[in-house]
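Summary of structural features
Single-letter residue listing:
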Amino acid sequence: MGTSPTPHSKEFEKIMLERAQRAAQIIAHAQKYKVCEGCDSIVTADTITCPTCHSYRFDATPERVVRQAEYLATRPPQSLQSSDYV
C-alpha cells in the first residue's frame, strides 16, 4: 500500500486539480448524477447500487449533486477503492 501525497506536493496539487475539474463537469451536468445517501459519493444517474458502499438510496436533486461536488472538490480523496485492497 502506497503513502498518500502530502499537501503542497506536486502530486497532491495534481490530485486536487483533477478533483476540481471533475467537480466542474458534474456541476455542469448535475442532472446526470446523484449522491449516495450511504457514503456521499457521486455516481451516475443510472447507478443501481453504490460501488463504494453498496447502498441503494440516492438523492438525485441537482442542488444536492452540486453541493456535494463543490464539497468534494475542496478536499483530498478519502474513500477506499477496490484497488486499495489488492
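Here's a quick rundown of the structure. (Residues numbered from 1 in each chain as written. Predicted model: local features only at pLDDT ≥ 70, side-chain atom pairs only at ≥ 80, totals over all residues. Heavy atoms only, no water.)

Counting its regular elements, the protein chain contains two helices and three strands. Going through the 86 residues of the protein chain one by one, you find that 28% of them count as buried. At a minimum sequence separation of 6, the contacts of the protein chain that also span at least 24 residues come to 44%. Carbon and sulfur atoms provide 54% of the accessible area of the protein chain, an area that totals close to 6,400 Å². (Helix = DSSP H or I, 4+ residues; strand = E, 2+ residues; numbered from the N terminus. Buried < 20%, exposed > 50% of the residue type's maximum accessible area, 1.4 Å probe, protein only. Contact = heavy atoms within 4.5 Å. Areas by Shrake-Rupley, 256 points an atom, 1.4 Å probe, with all protein chains shown as cover.)

Right, let's talk about helix H2 (residues 62–72) for a bit. Among the residues of H2, those classed as buried are Arg64, Val65, Gln68, Ala69 and Leu72. Across the axial projection of H2, the buried residues extend over an arc of 130 degrees, all falling on one side. Looking at the buried positions of H2, the neighbouring elements they touch are helix H1 (10–28), strand S1 (33–36), strand S2 (42–44) and strand S3 (58–59). (Arc of directions from axis to C-beta.)

This brings us to the sheet that holds S2. Ordered by their spatial adjacency, three strands build an open sheet running S2-S1-S3, and the pairing between neighbours is antiparallel. For this open sheet the edge positions go to S2 and S3, each flanked by a neighbour on one side alone. Against the sheet, H2 touches S1, S2 and S3, its axis set at about 70 degrees to S1. (Pairing = 2+ DSSP bridges. Axes fitted to C-alpha atoms, helices over the stretch in contact; angles between N-to-C directions.)

All right, on to the packing of H1 against H2 then. With their axes 9 Å apart at the nearest point, H1 and H2 run at an angle of 170 degrees to one another. Judged on the interaxial angle alone, H2 and H1 are roughly antiparallel. Residues Arg19, Ala23, Ile26 and Ile27 of H1 lie in contact with H2, whose contacting residues are Val65, Val66, Ala69, Glu70 and Leu72. Of the residues that constitute the contact of H1 with H2, the class distribution is seven nonpolar, no polar and two charged. (Parallel < 35°, antiparallel > 145°, perpendicular 65-115°, else oblique. Nonpolar A, V, L, I, M, F, W, Y, C, P; charged D, E, K, R; others polar.)

We now examine H1. The end-to-end C-alpha distance of H1, which contains 19 residues, comes to 27 Å, matching closely the 27 Å that a straight helix rising 1.5 Å per residue would cover. Where H1 is concerned, the buried positions are Phe12, Met16, Arg19, Ala23 and Ile26. Angularly, the buried residues of H1 cover 80 degrees about the axis, an arc narrow enough to put them on a single face. Opposite the packed face of H1, turned more than 90 degrees from it, sit the exposed residues Lys10, Lys14, Leu17, Gln25 and Ala28. The inward-facing, buried residues of H1 contact S1, S2 and H2. (Expected span 1.5 Å × (residues − 1).)

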